[in-house]
Amino acid sequence: MRLERVEVRQLGLPLLQPFETSFSRQTRKEFLLLTVSADGISGFGECVAERDPYYLPETNGTVVQILRDFLVPLAFGVDLAHPRDLLPALARVRGHEMAKAALEMAVWELWARREGVPLHRLLGGRGGSILAGVSVGLQADVGALLERVDAEAAAGYRRIKIKIKPGRDLDLVRALRARFPALPLMVDANSAYTLHDLPLLRELDAYDLMMVEQPLGWDDILDHSALQRGMRTPLCLDESIRSSEDARLALELGACRIINIKAGRVGGFAASLAVHDLCRARGVPVWCGGMLESGIGRLANVHLQTLPGFTLPGDTAASSRYFEEDLVDPPVVVSADGLIGVPEKPGLGHEIVWPRVERATRSLESFSA
Ligand code: OSB
Ligand code: MG
């Protein structure tokens, strides 16, 4: 198959609630949506880049430029026998995993539609349902956090993650544990600490957390390995893992015992499968992260986490937590017992609501082979 056309749209959707992490406070989701077409069929891929380079270096701006000047021309030049052939064809471009992933994931989606199969089948996953988890941002105060976590636990989520940062860490965890002694709970620091914080981070060991996600530098593996040696609680890496090679290094060095896979962060589905397979061979659990995606990226995450190594609930929550109106119909819903049904229709498996996409579109660039 040869790609004939690629469309890159810049979209903006207001978030129902601001999302605050150690690195930013977001009130709007601004992201790119890719449409790839061939043989009269289109496929869709949502990019995980944000407006600012505060989570990782890529931004919507860098993604558009790298797609236009490098990745799209390379993609037009290959005759694909399978979607897994695309990432190697883009390898001359170093880094820029989010840009590569958006294009690659759109091609997998197109391929699934072409074969008339749900995306999870093409990826080697299964049908049924997945375990929903939720990521709760920093709140105004401890009382507000307790209220939010109470509501999410009542909604059925199978594990709750809270964001922490220096000065807003032990007090939050202590209060949550006092109120919810048995809640499956974890924390995510988004690289806000250094090894100088070792004494404080070790205090987290007292609270029976499932894991501590990305406490140290966004591109660090070595210091995480020192920290993991000094802590009982498993560390999980997010930002630091941008390829299966990063995952291999992290596991070799004992820098974590769990890995968060975001397809958009590692270069797409083929790279996610490589990280998944590597972890599975070593008995290391993985789970699927989230980036406040619209239903399009959210459904891609649902399909990915049907692979057998995804043994922990991920950051995939209901559309209604994020947006007044999602871009897909039906929206992604979570059952009272914390499950999300895996779509069985071709591709992503839910309809994209084009009038809503059009309304959210701020600009559009198209490329033809
Ligand atoms: O670190 O997992 C993260 C959102 C934006 C950037 C980074 C992260 C997150 C989340 C949100 O935690 C997960 C979600 O609800 O999609
Ligand atoms: Mg994270």
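Residues numbered from 1 in each chain as written. Chains lettered and ligands numbered in written order. Predicted model: local features only at pLDDT ≥ 70, side-chain atom pairs only at ≥ 80, totals over all residues. Heavy atoms only, no water.

**Overview of the pairing of strand β2 (residues 25-38)**
As a reminder, the rule being used: Note on exposure labels: buried denotes an accessible area under 20% of the residue type's maximum, exposed denotes more than 50%, and partly exposed covers the range between, all computed with a 1.4 Å probe on protein chains only. Helix and strand assignments follow DSSP, with helices taken as H or I runs no shorter than four residues and strands as E runs no shorter than two, numbered in order from the N terminus. The pairing criterion for strands is at least two bridges between them, as found by DSSP.
Counting buried positions along β2 gives 11 out of 14 residues, so the element sits mostly inside the fold. Bridge count for strand β1 (residues 5-20) against β2 is 12 bridges, and the pairing is antiparallel. When the sheet's bridge partners are listed, Val6 is paired in β2 with Val36. In this antiparallel pair of consecutive strands, β1 and β2, the connection spans four residues. Taken together, the six bridges between β2 and strand β3 (residues 41-46) define a ladder with antiparallel strand orientation. Paired with Ser37 across the strands is Ser42, a residue of β3. Counting the residues in the hairpin turn of β2 and β3 gives two residues, including Asp39, whose phi is positive at 50 degrees.

**Details of the packing of aromatic side chains**
Working definition: an aromatic ring pair is given by the centre-to-centre distance plus the angle between the planes. Rule in force here: Between 30 and 60 degrees the pair is tilted, below 30 it is stacked and above 60 it is edge-to-face, where a pair is any two Phe, Tyr or Trp rings, Trp via its six-membered ring, whose centres lie within 6.5 Å. Lysine and arginine charges are scored as sitting over a ring when NZ or CZ, respectively, is within 6 Å of the ring centre and within 35 degrees of the ring normal.
Counted according to the given criterion, the structure contains four aromatic pairs. For the ring pair Phe44 and Trp354, a centre distance of 5.5 Å and an interplane angle of 55 degrees mean the geometry is tilted. Placement of Phe44 in strand β3 and of Trp354 in helix α13 (residues 354-360) is noted, with a sequence separation of 310 residues between them. Of the residues examined, Phe44 reaches a relative accessible area of 10% and is grouped as buried. Trp354 sits in the partly exposed class, given a relative accessible area of 29%. For the ring pair Tyr322 and Phe323, a centre distance of 6.0 Å and an interplane angle of 35 degrees mean the geometry is tilted. Each member of the pair, Tyr322 together with Phe323, is buried. Stacked on the ring of Trp111, the Lys or Arg Arg114 has its end atom at 4.6 Å from the ring centre. Looking at Arg159, its charged tip hangs above the ring of Trp287, at a distance of 4.8 Å from the centre.

**Considering the environment of Leu292**
Under the convention used in this document: The contact rule is simple, with two residues in contact once any of their heavy atoms fall within 4.5 Å.
Considering the arrangement of structural elements, one finds Leu292 in the loop between β11 (286-288) and α12 (295-304). The exposure class of Leu292 is buried, given its relative accessible area of 10%. In the structure, Leu292 is positioned 277 residues away from Leu15 in sequence and 8.9 Å away in space, judged by C-alpha atoms. If near-sequence neighbours (up to four positions away) are discounted, Leu292 is found in contact with Leu15, Phe19, Gln26, Lys29, Arg298, Tyr322 and Phe323.

**Description of the domain arrangement of the protein chain**
Under the convention used in this document: For the purposes of this description, domain bounds are those given by an automatic or database domain assignment. As used here, buried area is the combined drop in accessible area, with a 1.4 Å probe, of two parts when they are placed together. Any Lys or Arg side-chain nitrogen located within 4 Å of an Asp or Glu carboxyl oxygen qualifies as a salt bridge. Polar contacts, as used here, are pairs of N or O atoms within 3.5 Å; protein pairs need one atom able to donate a hydrogen and one able to accept it. Residues neighboring in sequence count only if both atoms are side-chain atoms. Residue type decides the class: Asp, Glu, Lys and Arg count as charged, Ala, Val, Leu, Ile, Met, Phe, Trp, Tyr, Cys and Pro as nonpolar, and the leftover types, Gly among them, as polar.
Examined at the domain level, the protein chain breaks down into domain 1 (5-116 + 353-368) and domain 2 (122-341). At the interface, 39 residues of domain 1 touch 46 residues of domain 2. Carbon and sulfur atoms supply 67% of the area that domain 1 and domain 2 bury against each other, a total of about 3,600 Å² over both sides. For the pair domain 1 and domain 2, the number of links is three salt bridges. Across the pair Arg168 and Glu20 runs a salt bridge whose closest N-O atoms are separated by 3.6 Å. Taken together, the connections running from domain 1 to domain 2 amount to 14 residue pairs in polar contact (both at pLDDT 80 or more). Of all the secondary-structure elements, those providing two or more residues to the side of domain 1 that touches domain 2 are β1, β2, β3, α3 (97-115) and α13. Partitioning the side of domain 1 that touches domain 2 into residue classes produces 24 nonpolar, five polar and 10 charged.

**Thoughts on the coordination of the magnesium ion (ligand 2)**
Using the following cut-off: In this analysis a donor is any N, O or S atom within 2.8 Å of a metal ion (3.2 Å for sodium, potassium and calcium), and since water is not included, sites may seem incomplete.
At the metal site, the magnesium ion (ligand 2) is ligated by Asp188 (OD), Glu213 (OE) and Asp238 (OD), and these contacts range over 2.2 to 2.3 Å. Each donor residue of the magnesium ion (ligand 2) lies on the same chain, and together they follow the pattern D-x24-E-x24-D. Of this pair, Asp188 sits in strand β7 (residues 185-188) while Glu213 is found in strand β8 (residues 212-213), placing the two residues 25 residues apart along the sequence. The exposure classification of Asp188 matches that of Glu213, with both residues buried.

**A short note on unusual backbone geometry**
The omega angle of the peptide bond from Asp329 to Pro330 is -5 degrees, so this bond is cis rather than trans. Position of Pro330 among the secondary structure elements: in the loop between β12 (328-329) and β13 (339-341). A positive phi angle, close to 50 degrees, is found at Asp39, a residue other than glycine. Its relative accessible area of 48% is what places Asp39 among the partly exposed residues.

**Structural notes on the nonpolar core**
Rules: Only buried residues count toward a nonpolar core. Its members are Ala, Val, Leu, Ile, Met, Phe, Trp, Tyr and Cys residues joined through side-chain atoms within 4.5 Å.
Formed by 123 residues in total, the largest nonpolar core has its most connected members in Leu67, Leu103, Ile162, Leu204, Ile259, Phe269 and Leu304. Top element by residues in this core is α3. It accounts for 12 residues. Setting aside residues no more than four positions away along its own chain, Leu204 makes contact with Leu170, Val173, Val187, Leu209, Val212, Met231 and Thr233. Judged by nonpolar contacts, the second largest core, of five residues, contains Met186, Met211, Cys236 and Ile258.

**Here's the deal with the site of ligand 1**
The following threshold applies: Residues are labelled near a given molecule or strand when at least one of their non-hydrogen atoms is within 4 Å of it. Working definition of accessibility: Shrake-Rupley area with a 1.4 Å probe, residue cover restricted to the visible protein chains.
Neighbouring residues of ligand 1: 17 residues in total, closest Ser135, Asp188, Asn190, Leu292 and Tyr322. With respect to ligand 1, the side chain of Lys262 contributes an N or O atom lying 3.0 Å from an oxygen atom. Coverage of ligand 1 by the protein amounts to 100% of the 390 Å² it exposes when considered alone. Residues belonging to the shell around ligand 1 are distributed by class as follows: six nonpolar, three polar and eight charged. Here the shell around ligand 1 spans two domains, and each of domain 1 (5-116 + 353-368) and domain 2 (122-341) adds at least three residues to it.

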